[in-house]
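Spelled out from the first residue to the last, the chains are:
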Amino acid sequence: MTIDLTALAAPDFWIGVGIVAGIYSIFSLGLQLNVGLTGILNFGQAGFMAVGAYAMAILILRFHWPAPVALAASAAIAMLAGVVIGAASLRLSGDYLAMATIAAAQLVSGVAQNAAPLTGGNQGLLGYDAAWTTLARWMLARLSAVGLGDQSQLPLFIVTWAIFGLALALLTGLRGTPWGRVLRAIREDEAAAAALGKNVFAYKLQSLAIAAGLAALAGDLLALNITLIYPQSFSADVTFIGFAVLVLGGLGSFAGVALGSVLLWSVLEAASFVRLPLAADKVAAVQMLIVGLVLIAVMVWRPEGLRGKREEMVLRG
Amino acid sequence: MASRPGAPGPAPILEVRDLRRAFGGVRAVDRASLAVEQGSITALIGPNGAGKTTLFNLVTGFLRPDAGDVVFAGRPVTGRPAHVIARLGMMRTFQLTKALGAMTVLDNMLLAAQDQPAEHLAGLLAGPASWRRREAANRTRALGILERFRLAAQARAYAGTLSGGQRKLLELARLLMAAPRLVLLDEPLAGVNPVLGREILAHMHALRRERGMTFLFIEHDMEAVMNNADVVIVMAQGRVIARGRPRDVRRDAAVIDAYLGAHAEDTA
Amino acid sequence: MLNAARSGTPPPADARAAATGAGRRWVAAACIAALAALLASRGAETAAQATINGLVTGTYFALGAVGLSLVFGVLRLVNFAHGDMLTFGAYVALFLNAGSGWPIVPATLGGVLATAALAAASELAIWRPMRARRAGGFQMLLITVGLAFVIRNCIQLAAGADPLQLRLDVTSAVALPGGLRIGTVELWVVVAGLGALLAVATLLRYGRLGKEMRALADNLSLAEVAGIDTRRVILATWLFAGALAGLAGVLSSAAAGILTPNFGFQLLLSLFAATILGGIGNAYGALAGGLLLGFAEEWSALFVDARWKLAVGFVILILTLLVRPNGLLGRPALK
Ligand SMILES: Nc1ncnc2c1ncn2[C@@H]1O[C@H](COP(=O)(O)OP(=O)(O)OP(=O)(O)O)[C@@H](O)[C@H]1O
Ligand SMILES: [Mg+2]
């Protein structure tokens, strides 16, 4: 077993890690809003991600919508899915909600697999990124002015973190408003919030819809990053990696999400540097093993994560 | 002798008719009827398991009744969601205090304010300046109320750090912030030391005097009930069995029976 | 005189009073309607064949769901690692059978015992200490998710992701009256599975352990006060759940004829559906729910493309949660 460190010094490696970490940061911001701020256990976030990514790809490929419009529409469609799924499930509490949402996500994945004319089935979809490639080339031309023209992944990196920055600013702002205060009250005690006249269900629905929109944006970026989407790109594993990011960063902390994501993905990607004599499936297993261990370790030893506040921990199930 | 069970007095702010709710085989509330007069301090008493808390839950929308009607301030509210009923001006506390421990005392108060449009996403669109002004006004009002309840020093502390008695006070202060017309208190004196108990009762009288608030409170401390309530309503086994002035009710044969019966069952 | 005794007991959680009888009638009516529709549209033979297939699927669903439900009933824990416990049992059996050449029966027993040991180890290493720390439900739930990842990927690390098979004769079949057929392996799956379920049901009904488990499920602290050794009963619950999961894993992979590290997790949602269908926390309900779900999936395959078979499980899960979150069968309560 040797460790090849040369790649660690290569900037394109870190740019690649940064893109994935950024995508999961956006994805987990939604989870943070649901779990950390509203107290709803959304186990179906990967499903909303799939809805977003497929919506964008389908609108571009099958309906020839302009890419920016398709991107915006994909978020709107995922938010609508959030409202529909939420309307059906958000009266359930805790574990039941977790089961209902993960089942809903599986249903999305089932549709993606079986509605082949639209989704390409297990073959998936590709070729939806032509407009993006053009934009990326334009950005690279600008970047070459500062000597960064050969970092082909840099445009996506910039766009991803810019979107994260906007989402972070938006959510941080929202948390500080009276609206955010109601969410915190609901997180702690729904009955108390209702007794003070707050429409708990409506707030949960809004929370889930916003999270779904964020998942969709993350899905769109993921689609641009991997250039081919198929149902397995959005398996339940993705949701749980999001949860690992979430608890690592700390429940309730939006900035912690980015910290958790960068940390986790640095470790996961670095795992591929340890040149174990292993096949690809086993390297993937090592990575997911780390995710599992992170989940367990954080929940056992530091349930408030790196940035969470212990006083505000509401660890309802 | 006390008057007929559930007999309506003049100008009831709350009327409950034939309310029913069963849990499996247990008829927790069984055709209960009662009326609460505007501006009164009414006590709801009855042995453990009589259905008092369940009645509160039904009236305030936390449980759906199987049958019966609830009329608040002339409006039928039967089966309406809890938050709607609260917004109409009927608010309640819980048998186990529900101060929001992971929020500060001040945030607890601000949460109770009913006039903050920025609690809704649409209201936020008006821009931060307008809701911040409202927020500042509410903060001033909240601090004033906290002062009155001797909680001002803890305004920035997490409510979870308060003592049990202080939490009860905070719940009351929060209600005052929300300014409902009718307040339903589920055992406000339970687990509270006598000094604080007297303080809570004094707040109740003062709020009625100053703001015309009406109170319906569940209580097991008979001395407090006898000395503070204008009207006492007695429940047993899901029904209202008596209603009247405190000194009449305590002599009511059905009431004595209910309590003795409950004791007999306890010891059996 | 009127100073009634004071008690600070919290009001019980809103136990939705599901009229159990109505639920059962509803299920029976739905089953009869489904069968009638089947008979009318596809003929008796097809319907019967689908029912046999449903029995096979339902058997291992029931085995898996009973363990899941026991753990939930006693510990209020939704175990997301349960599906991967099935995988674990199946891989151990496969390793013993195809790897070390053990005959299938001892290999199966090996898988069952190993999974029981794994479940007990998780209790000793994680759940007991976490309960002692009064960990919250969210912590516990995410630990089960983490454990699921650990088990699944340890298996993948050890055995790779390629599909494997038990050494079984999957081609032979037994002819049943009326021209129906059931694969020999599948017949054994049904016989062994139903036998095990019967044994478990009897044990839970009449054995002391069953009574103690019910006492714990009703009220853990009360059971403790009543002198029940709760630690022992909880450990036994895990052993039981693990053994059943192991058996379910071996039987389901035998029936499916294929095994991958994702195998159990893919079954998990069906197990949730079966558990909730039967009223979560209710072991008998889970048993019935498992069988019911098996039939539902196989019958549905006659009407919609078989690729949607799994989706049927998710739809049933969601619908049950929405319409009757306390399940169609069995006792209500438990929130
Ligand atoms: N959610 C519920 N599920 C099942 N049974 C319930 C529920 N809530 C109340 N009950 C039952 O209904 C009856 C009335 O309970 P309730 O809490 O209303 O009594 P109470 O008069 O408030 O008693 P206490 O003075 O002890 O607070 C009791 O037998 C109780 O066990
Ligand atoms: Mg009560």
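Reading the values: rules and limits
- Residues numbered from 1 in each chain as written.
- Chains lettered and ligands numbered in written order.
- Predicted model: local features only at pLDDT ≥ 70, side-chain atom pairs only at ≥ 80, totals over all residues.
- Heavy atoms only, no water.
- Contact = heavy atoms within 4.5 Å.
- Buried area = accessible area lost by both parts, 1.4 Å probe.
- Salt bridge = Lys/Arg side-chain N within 4 Å of Asp/Glu carboxyl O.
- Polar contact = N/O pair within 3.5 Å; in protein donor to acceptor, adjacent residues only side chain to side chain.
- Helix = DSSP H or I, 4+ residues; strand = E, 2+ residues; numbered from the N terminus.
- Nonpolar A, V, L, I, M, F, W, Y, C, P; charged D, E, K, R; others polar.
- Pairing = 2+ DSSP bridges.
- Axes fitted to C-alpha atoms, helices over the stretch in contact; angles between N-to-C directions.
- Core = buried A, V, L, I, M, F, W, Y, C linked by side-chain atoms within 4.5 Å.
- Buried < 20%, exposed > 50% of the residue type's maximum accessible area, 1.4 Å probe, protein only.

## Thoughts on the interface of chain B and chain A
In many analyses, interface size is given as the accessible surface area lost on bringing the parts together.
Part 1 of the argument: Contact residues are listed per partner, giving 30 residues for chain B and 27 residues for chain A.
Part 2 of the argument: Buried surface at the junction of chain B and chain A, both sides included, amounts to about 2400 Å², of which 63% is carbon and sulfur.
Part 3 of the argument: Along the contact surface separating chain B from chain A lie four salt bridges.
Part 4 of the argument: Linking chain B with chain A are twelve residue pairs in polar contact (both at pLDDT 80 or more), by the criterion used here.
Part 5 of the argument: When contributions to the side of chain B that touches chain A are tallied by element, the ones reaching two or more residues are α2 (82-88), β6 (90-92), α3 (105-112), α4 (121-124) and α5 (128-148) of chain B.
Part 6 of the argument: Classifying every residue of the side of chain B that touches chain A by side-chain character gives 18 nonpolar, five polar and seven charged.

## A look at the pairing of strand β2 (residues 180-183) of chain C
Residues and elements named next belong to chain C.
Part 1 of the argument: Note that strand β1 (residues 173-176) and β2 share four bridges and pair antiparallel. Each residue of the ladder has a partner; that of Val174, found in β2, is Ile182.
Part 2 of the argument: The hairpin turn running from β1 into β2, its antiparallel successor, is three residues long, and Gly178 in that turn takes a positive phi close to 85°.

## Remarks on the interface of chain A and chain C
Part 1 of the argument: In this complex, chain A contributes 45 residues to the contact, which on the side of chain C involves 44 residues.
Part 2 of the argument: Interface of chain A and chain C: buried area, both sides summed, is about 3800 Å²; carbon and sulfur atoms make up 78% of it.
Part 3 of the argument: Counting the surface chain A buries against chain C, the share from its top three residues, Tyr96, Met99 and Asn114 of chain A, is 18%.
Part 4 of the argument: Inspection of the chain A/chain C interface yields one salt bridge.
Part 5 of the argument: Close ionic contact of Arg152 of chain C with Asp237 of chain A constitutes a salt bridge, the shortest N to O distance being 3.2 Å.
Part 6 of the argument: The interface formed by chain A and chain C includes six residue pairs in polar contact (both at pLDDT 80 or more).
Part 7 of the argument: At the level of secondary structure, the elements contributing two or more residues to the side of chain A that touches chain C comprise α3 (67-89), α4 (94-114), α11 (236-249) and α13 (280-301) of chain A.
Part 8 of the argument: It is α13 of chain A that provides the largest number of residues to the side of chain A that touches chain C, a total of 14 residues.

## Observations regarding the sheet that holds strand β2 (residues 26-37) of chain B
All names here are of chain B.
Part 1 of the argument: The sheet built from four strands is open, its strands ordered β2-β1-β4-β5 with antiparallel pairing. Both outer strands of the open sheet, β2 and β5 (75-76), are each paired with one neighbouring strand and no more.
Part 2 of the argument: Direction of pairing for strand β4 (residues 67-72) relative to β5: antiparallel, over a ladder of two bridges. Bridge assignment links Val71 to a residue of β5, and that residue is Pro76.

## Considerations on the environment of Leu157 of chain C
Part 1 of the argument: Relative to the assigned elements, Leu157 of chain C resides in helix α4 (residues 137-159).
Part 2 of the argument: C-alpha of Leu157 of chain C to C-alpha of Ala273 of chain C: the two residues are 116 residues apart in sequence and 30 Å apart in space.
Part 3 of the argument: Apart from the residues lying within four places of it in its own chain, the contact partners of Leu157 of chain C are Leu278, Lys282, Ala285, Val286 and Leu289 of chain A.

## Some details on the sheet that holds β6 of chain B
Hydrogen bonds along the backbone pair up the strands of a sheet, which may run parallel or antiparallel.
Residue and element names in this part refer to chain B.
Part 1 of the argument: Pairing is mixed in the open sheet, where six strands are placed in the order β6-β7-β8-β3-β9-β10. Strands at the two margins of the open sheet, each flanked by one partner only, are β6 and β10 (239-244). Each adjacent strand pair in this sheet contributes to an overall mean axis angle of 20°, direction not counted.
Part 2 of the argument: Looking at chain direction, strand β7 (residues 182-186) and strand β8 (residues 214-218) are connected through five bridges and run parallel. Paired with Leu184 across the bridge in β8 is Leu216.
Part 3 of the argument: Strand contacts of helix α1 (residues 52-59): β3 (41-45), β6, β7, β8 and β9 (231-236), with the helix running at about 145° to β7, the strand carrying the most contacts.
Part 4 of the argument: With respect to the sheet, helix α7 (residues 194-211) is in contact with β3, β7 and β8, its orientation differing from that of β8 by roughly 155°.

## A closer look at the nonpolar core
Part 1 of the argument: Counting residues in hydrophobic clusters, the biggest one holds 272 residues, and the most contacted among them are Phe43, Phe240 and Phe243 of chain A together with Phe80 of chain C.
Part 2 of the argument: Top contributing element to this core by residue count: helix α1 (residues 20-75) of chain C, with 18 residues.
Part 3 of the argument: In this view, Phe80 of chain C contacts Phe43, Ile102 and Phe240 of chain A together with Leu141, Thr144, Val145, Ala148, Phe265, Leu268 and Phe272 of chain C; residues no more than four positions away in its chain are not counted.
Part 4 of the argument: Among the nonpolar cores identified, the runner-up in size contains 27 residues, and Leu14, Val77, Leu182 and Met235 of chain B belong to it.

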